[in-house]
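# Structure assessment
Here's the letter readout for the chains.
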Amino acid sequence: MDRKLEKKTWTPKFIAMITGGVLLVSFVVYQLVFADSRSTMNVNMERVTIATVKTGEFTDYIPVSGSIEPGEVFFLDALERGNIQQIVRESGAMVKAGDTILILNNSNLQLEVMEREASLYFQINNLRQVRLQLDQNDLNQQGQLAEIDYQISLLKPQYERFRDLHSKKLISDRELEEVREQYDYNVKRRALTYEAYRSDSISRVSQKRQLQESENRMNQSLFGVGHILDNLVVRAPITGQLSTEQIEVGQSISAGQRYGQIDILDKFKVRVPIDELYLPRVYTGLKGTFSIAGGSYELEIAKIYPNVTGGRFEVDMIFTDEVPSGIRRGQTVRIRLELGESEQAVLLPTGGFYKDTGGNWVFVVNQQSGKAERRDIRLGRKNPEFYEVIDGLSEGEKVIVSGYENFGKNEVLNLK
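Since the structure is predicted, the reported quantities are computational estimates derived from the model, not experimental observations.

## So, the overall build of the chain
Per the secondary structure count, the chain includes four helices and 22 strands. Radius of gyration (C-alpha) of the chain: 53 Å, far over the 22 Å computed for a compact globule of 416 residues. Each of the three principal axes of the chain carries a C-alpha extent, and together these read 220 × 60 × 40 Å. Going through the 416 residues of the chain one by one, you find that 31% of them count as buried. Across the chain, contacts joining residues at least 24 apart in sequence account for 77% of those joining residues at least 6 apart. With the model as given, the accessible surface of the chain reaches about 26800 Å², and the carbon-plus-sulfur share is 49%.

Rendered as structure tokens:
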């Protein structure tokens, strides 16, 4: 006899389905709520550089290179054109003020000087002739006045005698009138001649003063012309070391051409080109140091040339204390130029990460998990060794400082 079987509700298959569903839902909830959804990437630790954040003294400086130059330089420019007849002092020689360096030859200049001297002598002689004529005119007018005074001295007593005789009716009216007319004529003539002499004398004084001034100027010009040929003998204006261009006997030198310089070797300066980026932060008084021959020497910016050429401007730095012995013009030195005062700060070593992140974030290493996680940070000043950390990192933390170009947009790195 058949027996009716009852259907079981909690069959193994049903239980397995329920269990699987619960596990699936739990997994989904875990992934949505608890699991790390950030993108990850496996990275070989040997391919990255890890540095430790530390606290220390931050020195705001930049490395620059400068060339040694004499503290004072006197440039040699040709005053007159000519051909080199003789080279008396070679480049590199020590010269004293007044020493002959070059002797030039210029035949055309010599002829020109002779012509100008002859012309000046001719003009000076003409001025002297004019002045001689003025003196002669003065003497002639004085002679005329003397002659008139002599006539008056003869006519005056005669006129007075005739007037007495006429009052006694001893002479005629005609005789008195003749003498009186001669006397009055000479008196009037003297007055006119003296007035002309006085006026001419004032004019002559002015003319003679102008003639004298003109003659003085011409004599000065004559003196200057006579010394033009002296410029063909080039002498050292100061004491120092001579440095000239490549010149040879017979070579032509133009007027105004710079053919060398004299360096004063008792002091030096350093000419330093600096990137224009730092122009607003560079000012006179900034310090710099460099090392040479085992010693360290301090420099100070004394002059800034604000003109920017090729993205760089230049400064002159002078030694604040002793000058290293044995340095030479043109020698290059590596200078540590300080842009600000040193102060305590959190420091992150420099690295290639900056060009990929702009200093806005880094990968911070978690040594316990073996992972490096992306973290936003804020950096301040920079020197060739460290960045100044303003926010986001603490002392002792480890950061990947090598380049991030191979990490893409991943936020977590699994360090293997």
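Once you've had a look at it, read on.
## Let's talk about the nonpolar core
Counting 27 residues, the largest nonpolar core has Ile-84, Ile-101, Leu-102 and Ile-262 as its most contacted members. Taken together, the elements giving at least two residues each to this core come down to strand E5 (82-87), strand E7 (100-105), helix H2 (107-167), helix H3 (173-226) and strand E11 (258-275). The dominant element in this core, judged by the number of residues it contributes, is H2, at six residues. Discounting chain neighbours no more than four positions away, the residues touching Leu-102 are Ile-84, Gln-86, Ile-87, Leu-232, Val-233, Val-234, Ile-247, Ile-253 and Tyr-259. One finds Leu-348, Trp-361, Phe-407 and Leu-415 within the second-largest nonpolar core, a separate group that totals 24 residues.

## A word on the side chain of Thr-244
As for its placement among the helices and strands, Thr-244 is situated in strand E9 (residues 240-244). In this structure Thr-244 touches Ser-91, Tyr-259 and Gly-260, once residues within four positions along its chain are discounted.

## Quick look at the packing of H2 against H3
Close contact between H2 and H3 brings their axes to 7 Å; oriented N to C, the two are set at 165°. Judged on the interaxial angle alone, H3 and H2 are roughly antiparallel. Crossing angle aside, the handedness with which H2 passes H3 is left-handed. In terms of residue class, the contact of H2 with H3 is built from 24 nonpolar, 18 polar and 18 charged.

## Quick look at the sheet that holds strand E17 (residues 361-366)
Strand pairing in a sheet relies on backbone hydrogen bonds. The paired strands run either parallel or antiparallel. Spatially, the six strands line up as an open sheet ordered E1-E22-E18-E17-E21-E2, and their pairing is mixed. Two strands bound the open sheet, and with one partner strand each, they are strand E1 (40-43) and strand E2 (50-52). Going from strand to strand, the sheet's axes swing by 35° on average, the running direction of each strand aside. Inspection of the sheet shows E1 paired to strand E22 (residues 412-415) by four bridges, in the parallel sense. Paired with Asn-42 across the two strands is Asn-414, which belongs to E22.

## What to know about the packing of aromatic side chains
One pair of aromatic rings is described through two measures. These are the centre distance and the angle between the planes. In total, this model carries 11 aromatic pairs according to the counting rule given. Plain terms: the ring middles of Trp-361 and Phe-363 are 5.5 Å apart, the flat faces sit at 90° to each other, and that makes the pair edge-to-face. One exposure class covers both Trp-361 and Phe-363, and it is buried. Relative to Tyr-404, the ring of Phe-363 has its centre 5.1 Å away and its plane inclined at 65°; by these criteria the two rings are edge-to-face. Separated by 41 residues along the polypeptide, Phe-363 in strand E17 and Tyr-404 in the loop between strand E21 (398-400) and E22 bring together distant segments of the chain. Each member of the pair, Phe-363 as well as Tyr-404, is classed as buried. By way of ring pairs, the aromatic residues Phe-353, Tyr-354, Trp-361, Phe-363, Tyr-387, Tyr-404 and Phe-407 are connected into one cluster. Over the ring of Tyr-61 we find Arg-336, and its NZ or CZ is 3.7 Å from the ring centre. Arg-374 extends its terminal NZ or CZ atom over the ring of Trp-361, reaching a point 3.8 Å from the ring centre.

Conventions and cut-offs
- Residues numbered from 1 in each chain as written.
- Predicted model: local features only at pLDDT ≥ 70, side-chain atom pairs only at ≥ 80, totals over all residues.
- Heavy atoms only, no water.
- Helix = DSSP H or I, 4+ residues; strand = E, 2+ residues; numbered from the N terminus.
- Rg over C-alpha atoms; globule rule 2.2 N^0.38 Å.
- Buried < 20%, exposed > 50% of the residue type's maximum accessible area, 1.4 Å probe, protein only.
- Contact = heavy atoms within 4.5 Å.
- Areas by Shrake-Rupley, 256 points an atom, 1.4 Å probe, with all protein chains shown as cover.
- Core = buried A, V, L, I, M, F, W, Y, C linked by side-chain atoms within 4.5 Å.
- Axes fitted to C-alpha atoms, helices over the stretch in contact; angles between N-to-C directions.
- Parallel < 35°, antiparallel > 145°, perpendicular 65-115°, else oblique.
- Left-handed = near helix turned anticlockwise from the far one by under 90°.
- Nonpolar A, V, L, I, M, F, W, Y, C, P; charged D, E, K, R; others polar.
- Pairing = 2+ DSSP bridges.
- Phe/Tyr/Trp six-rings, centres within 6.5 Å; stacked < 30°, edge-to-face > 60°.
- Lys NZ or Arg CZ within 6 Å of the ring centre and 35° of its normal.

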